[in-house]
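# Tertiary structure, described
Single-letter residue listing:
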Amino acid sequence: MGTNRTDEILMIQRAQQGDALAFARLHDRYYPVIYRYYYYRAHPGQSPVELTSDLFIRMVDRIGFYKPESDHFLDWLFSLARSILREDLFSRGLRFSRAEEGPAMQTRQPTEPLSSKEVSTAEGLRQALALLTPEERDVLIGKLVERRSSRAVGREIGRSAAAVRMLQYQGLHKLGASTLKGSEE
Amino acid sequence: MSADRDPTRDRDYVHVRDHARDLDDALEALQHGKSLPSEHSSDAAETARLRRMLETAQAILNVPNPEPPSGTMVESKARMMRLLAEKKAADARHKEAVIEDLGMGFRKAHGRGVILTILLIVFSFILASTFVVSALQALPGSWLYPAKLTIQEIHIGLTFDPFLRGEWIARYHQTRLEDLQKAVALDRFPQADAQATMTAMPTLMPVDNNLNRSQ
């Protein structure tokens, strides 16, 4: 683990010096992770593929600002990914909505039930997550799909670890209720 | 019956916070490959709710990762590498432009001019210094001796303090007499000419007379 971290830091340092091979390796390592990030968070009309590609373009520009001692590289990439998503929404005229502003990408009414079978695929999960508020969705994706800590997810969305746990509880409660309804039918 | 109600509205904040922590702990255990705990709370309804939430969480954990469409990763990498190459080229151009703007390189005409001027000034300074040092060692009869006399005259002319000026005049007078004697001794200057020069010397130094007058 420590060696992996050291290897990664060395690779990042090489990339910061402009080494093309190091950039290629970082791209290969993080492309699937970033694609998954956008797959679950992109709004209808946004392309996860384009957003992922834009992220790596941004990474080339900004990698000089990354400091290994202050943050994990993946968390830094996620923060870049989040700002790209936000900018893309602004450019499309959509607001980047928080929980209090209401779900921005709701594609299914909360009363509409989901079956457990539907949630077993990535597409089904994406649709199920559309029932939640953006913050609940971010928390469930961060915690259960990306398997990050409450602290890391909280840092990304600007909430405390306790608030993240509460959002996780709410989100799972809503999803649990929906899937129950769906399976009962 | 209470499964569909929003728990944050039904219960007070502390209870929900505690249940949220219980759920998080259970999820932590789940993610580390442990089985679902059978009971989490003394409240049967809450236990059922937590169990359902954990099952949902388990279902989410089991969802396979979405695969990017084929070819997109290669395209994205190619795009990134293109941008990287453009960025490197732009950086190199910028560096070159900075060096060019400094004008110190031989690649630019005025840069060449500046360097040649500096070299010319340095060379002239070395030449002048060598000439002055050589002249100061010259004796009567040498072609450099008039230069030595001129340097002495300039020095006297540039000394504005009358007492210092008088001192320098006396010192140079003495030096000239010694030079004449040395030149004669070395047979570089005819003795008769030396005698004549020594006789004429006081009249050749008008400053001396001025000094005498001011005293």
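Worth saying up front: this structure is predicted, and the values here are computed from it rather than measured. (Residues numbered from 1 in each chain as written. Chains lettered and ligands numbered in written order. Predicted model: local features only at pLDDT ≥ 70, side-chain atom pairs only at ≥ 80, totals over all residues. Heavy atoms only, no water.)

## What about the confidence of the model for chain B?
Low pLDDT means the predicted atomic positions in that stretch should not be read closely. All names here are of chain B. Averaged over every residue, the pLDDT of chain B is 79; residues scoring 70 or more account for 78%. When the elements of chain B are averaged for pLDDT, helix 9 (residues 206-214) gives the smallest value, 48, and helix 6 (residues 145-157) the largest, 89. Across residues 206-215 the pLDDT falls below 50, and counting only partners more than four positions away or on other chains, this stretch makes seven contacts in the model. Complex prediction metrics read pTM 0.62 and ipTM 0.79. (pLDDT = per-residue confidence, 0-100. Helix = DSSP H or I, 4+ residues; strand = E, 2+ residues; numbered from the N terminus. Contact = heavy atoms within 4.5 Å.)

## Observations regarding the environment of Tyr-30 of chain A
Residues and elements named next belong to chain A. Its place among the elements puts Tyr-30 in helix 2 (residues 20-41). Residue classification places Tyr-30 among the buried residues on the basis of a relative accessible area of 5%. Considered as a pair, Tyr-30 and Phe-56 are 26 residues apart in the sequence and their alpha carbons are 9.3 Å apart. With residues near it in sequence (within four places) discarded, Tyr-30 still touches Glu-8, Phe-56, Phe-73, Leu-74 and Leu-77. (Buried < 20%, exposed > 50% of the residue type's maximum accessible area, 1.4 Å probe, protein only.)

## Section: the packing of helix 4 (residues 73-91) of chain A against helix 7 (residues 150-157) of chain A
Residues and elements named next belong to chain A. Between helix 4 and helix 7, the least distance of the axes is 10 Å, while the angle of their chain directions is 30°. Considering their axes alone, helix 4 and helix 7 lie roughly parallel with respect to each other. For helix 4 against helix 7, the interelement crossing comes out right-handed. Together, Asp-75, Phe-78 and Arg-82 of helix 4 and Ala-152, Arg-155, Glu-156 and Ile-157 of helix 7 make up the contact between the two elements. Here the residues of the contact of helix 4 with helix 7 sort into three nonpolar, no polar and four charged. (Axes fitted to C-alpha atoms, helices over the stretch in contact; angles between N-to-C directions. Parallel < 35°, antiparallel > 145°, perpendicular 65-115°, else oblique. Left-handed = near helix turned anticlockwise from the far one by under 90°. Nonpolar A, V, L, I, M, F, W, Y, C, P; charged D, E, K, R; others polar.)

## Topic: the interface of chain A and chain B
Listed as interface residues are 43 residues of chain A and, on the opposing side, 44 residues of chain B. Of the roughly 4000 Å² buried between chain A and chain B, counting both surfaces, carbon and sulfur atoms make up 70%. Linking chain A to chain B there are three salt bridges. With its nearest N and O atoms 2.9 Å apart, the salt bridge here joins Asp-28 of chain A to Lys-77 of chain B. Of all the elements in the fold, those that place two or more residues in the side of chain A that touches chain B are helix 2, helix 3 (48-62), helix 5 (122-129), helix 6 (134-145) and helix 8 (161-184) of chain A. Here the side of chain A that touches chain B takes 13 residues from helix 8 of chain A, the largest share from any one element. (Buried area = accessible area lost by both parts, 1.4 Å probe. Salt bridge = Lys/Arg side-chain N within 4 Å of Asp/Glu carboxyl O.)

## Quick notes on helix 6 of chain A
Residues and elements named next belong to chain A. The buried count for helix 6 comes to twelve of twelve residues, which makes it a mostly enclosed element. Turning to helix 6, its buried residues number three or more, namely Pro-134, Glu-135, Glu-136, Arg-137, Asp-138, Val-139, Leu-140, Ile-141, Gly-142, Lys-143, Leu-144 and Val-145. Of the residues flanking the end of helix 6, it is Arg-147, one or two places downstream, whose phi is positive at about 55°.

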